[in-house]
Amino acid sequence: MTTTSPAPQVERVELDELVCWRVRTASAELLVAQQGAQVLSYQRDGEAPLIWLSEQAAFRKGQSVRGGVPVCWPWFGALERNPQAVQALYQGNDAPAHGLVRNLDWQLLEIDTREDAVNLQFALLQPENGLPGWPHHVDLRLHIHLDERLHLSLASHNHGDQPVTVGQALHTYLAVGDIRQARVEGLAGVHYIETLQDWQERTQHGDLHFEAETDRIYLDLPERLSVFDPAWQRRIHLHSSGSRSAVVWNPWIDKSQRLSQFASDAWQRMLCIETANVLGDTLHLAPGEQKSLAVSLWAEPL
Ligand SMILES: O=P(O)(O)OC[C@H]1O[C@@H](O)[C@H](O)[C@@H](O)[C@@H]1O
């Protein structure tokens, strides 16, 4: 007799002020907030979480949740650090860090459950006059596909009659057993911007180890990066497409005290690898053009 696994389930849940979607498959659980189309957590049964969610996370309207995968768009980080072509498109005051869409309510367009996979499609369909302070007509869709791996793909479609340049990132918070023992593989020989030292350009020698606050923009990257995590006896893999840049971030001890929704020792258990289009890798969209930024995530035991 063959046993069939139960079909995947997608359930609407409310976490404090936020509407969320809890996805259960035969072997994993994924939680996504409608606000920002933000993946909040992802864990395979019997394994440690792969995506980190702060134990101090607040689920409030208009406030990005600390952890998961915030979508940064149409600029990354502080607007004034973005290329002129990205800055020029914003006409508002007080540009928020990481752009305009992580606190907005996206629409859930589609839930599609198959025998062993689930697809969710969120959209931020913009009116012709765009977002407040950003008058450009570009629709966003985040496609989440969960099978044995988690696949995220962010598509930007320029419906306007002018070209548009955006900076963007899938700001993934990864869970690690102990950041002090972890290292990132795939970076050797890669140029990066050391944002903590006057944005100097440097070259990575060997794997990246963590011994202090780290906030770097890696450029001209290969498609595959991995996190070697001996504390949890596993390696996390990230495979990207439509991206040649990534931000690697850990706040370490002092900055942890200043972050919202962040326990003072949480830096030990997380690491951000943010699949991006930033600096010389920003996204140019001609009128009518659509392009996607994507990442797939999975872990393997050591
Ligand atoms: O607190 P926020 O706005 O979510 O940003 C968190 C971090 O995001 C990272 O992408 C930046 O490189 C860090 O400098 C920043 O501190």
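Residues numbered from 1 in each chain as written. Predicted model: local features only at pLDDT ≥ 70, side-chain atom pairs only at ≥ 80, totals over all residues. Heavy atoms only, no water.

Draft legend 1. Examining the side chain of E274 more closely. Structurally, the position occupied by E274 is in strand 20 (residues 270-277). No salt bridge forms around the buried E274; measuring N to O, its nearest opposite-charge neighbour R102 is 8.6 Å away. Leaving out residues up to four positions away in the same chain, E274 has contacts with F76, A169, L170, H171, T172, S245, A246, V247 and W249. (Helix = DSSP H or I, 4+ residues; strand = E, 2+ residues; numbered from the N terminus. Buried < 20%, exposed > 50% of the residue type's maximum accessible area, 1.4 Å probe, protein only. Lys, Arg positive; Asp, Glu negative; His and termini not counted. Salt bridge = Lys/Arg side-chain N within 4 Å of Asp/Glu carboxyl O. Contact = heavy atoms within 4.5 Å.)

Draft legend 2. Structural context of the sheet that holds strand 4 (residues 38-44). Across the sheet, four strands lie side by side as 1-2-3-4; this open sheet has antiparallel pairing. The open sheet has two edge strands, strand 1 (9-15) and strand 4, and neither has a second partner. Across the sheet, the axes of successive neighbouring strands diverge by a mean angle of 20°, strand direction being ignored. Bridge count for strand 2 (residues 18-24) against strand 3 (residues 28-33) is five bridges, and the pairing is antiparallel. Within strand 3, the residue paired with R22 across the bridge is L31. (Pairing = 2+ DSSP bridges. Axes fitted to C-alpha atoms, helices over the stretch in contact; angles between N-to-C directions.)

Draft legend 3. Spotlight on unusual backbone geometry. With an omega of 0°, the peptide bond between W73 and P74 qualifies as cis. Position of P74 among the secondary structure elements: in the loop between strand 5 (71-72) and helix 1 (84-87). Not every positive phi belongs to a glycine, and D94 is a case in point at roughly 45°. Topologically, D94 is positioned in the loop between helix 1 and strand 6 (107-113). Assessed through its relative accessible area of 75%, D94 is described here as exposed. Phi angles above zero are rare outside glycine, and W199 is one such case at about 55°. Among the structural elements, W199 can be located in the loop between strand 13 (191-194) and strand 14 (200-203).

Draft legend 4. Structural view of the pattern of salt bridges. This model, assessed by the stated rule, comprises 16 salt bridges. The shortest N-O distance in the salt bridge between D178 and R180 comes to 3.0 Å. A salt bridge links R216 to E194, with the shortest nitrogen-to-oxygen separation between them at 3.3 Å. Taken together, the residues R216 in strand 16 (residues 214-218) and E194 in strand 13 connect sequence positions 22 residues apart. Here the salt bridges do not stand alone but share partners, grouping E11, R22, R24, E29 and D45 into one network.

Draft legend 5. Looking closely at the pairing of strand 2. Where strand 1 lies against strand 2, seven bridges are found, and the strand directions are antiparallel. The partner of R12 across the bridge, within strand 2, is W21. The turn joining strand 2 and strand 3, which pair antiparallel and follow one another in sequence, is formed by three residues.

Draft legend 6. Structural context of the UniProt feature "active site" (unreviewed entry) in the chain. When the UniProt feature table is mapped to this numbering, "active site" (unreviewed entry) covers H171 and E274. Of the residues just listed, which span 104 residues, no C-alpha pair is farther apart than 4.3 Å, and they cluster in one region. Mapping H171 onto the fold places it in strand 11 (residues 168-175). Accessibility expressed as a relative area gives 4% for H171, which makes it buried. In this view, H171 contacts G68, V69, P70, C72, H98, W249, C272 and E274; residues no more than four positions away in its chain are not counted. Accessibility expressed as a relative area gives 1% for E274, which makes it buried. (UniProt positions renumbered as here; feature names shortened; annotations may be inferred.)

Draft legend 7. Representation of the nonpolar core in the model. Ranked by internal contacts, the top residues of the largest apolar core, which has 76 residues, are W73, W106, F122, W134 and I144. Excluding anything up to four places from it in sequence, W134 contacts W73, P74, W75, L89, Y90, L100, Q126, N129, V164 and V166. Residues V13, L18, L31 and F59 belong to the second largest nonpolar core, which totals ten residues. (Core = buried A, V, L, I, M, F, W, Y, C linked by side-chain atoms within 4.5 Å.)

Draft legend 8. Representation of the site of the ligand in the model. The environment of the ligand is made up of R66, F76, H98, R102, H171, D215, V247, W249, K255 and E274. Between the ligand and R66 there is a distance of 3.1 Å, counted from an oxygen atom to a side-chain nitrogen or oxygen. One nitrogen or oxygen atom from the side chain of K255 is found 2.7 Å from an oxygen atom belonging to the ligand. Coverage of the ligand by the protein chains reaches 80% of its 400 Å² of free accessible surface. (Near = heavy atom within 4 Å. Polar contact = N/O pair within 3.5 Å; in protein donor to acceptor, adjacent residues only side chain to side chain. Areas by Shrake-Rupley, 256 points an atom, 1.4 Å probe, with all protein chains shown as cover.)

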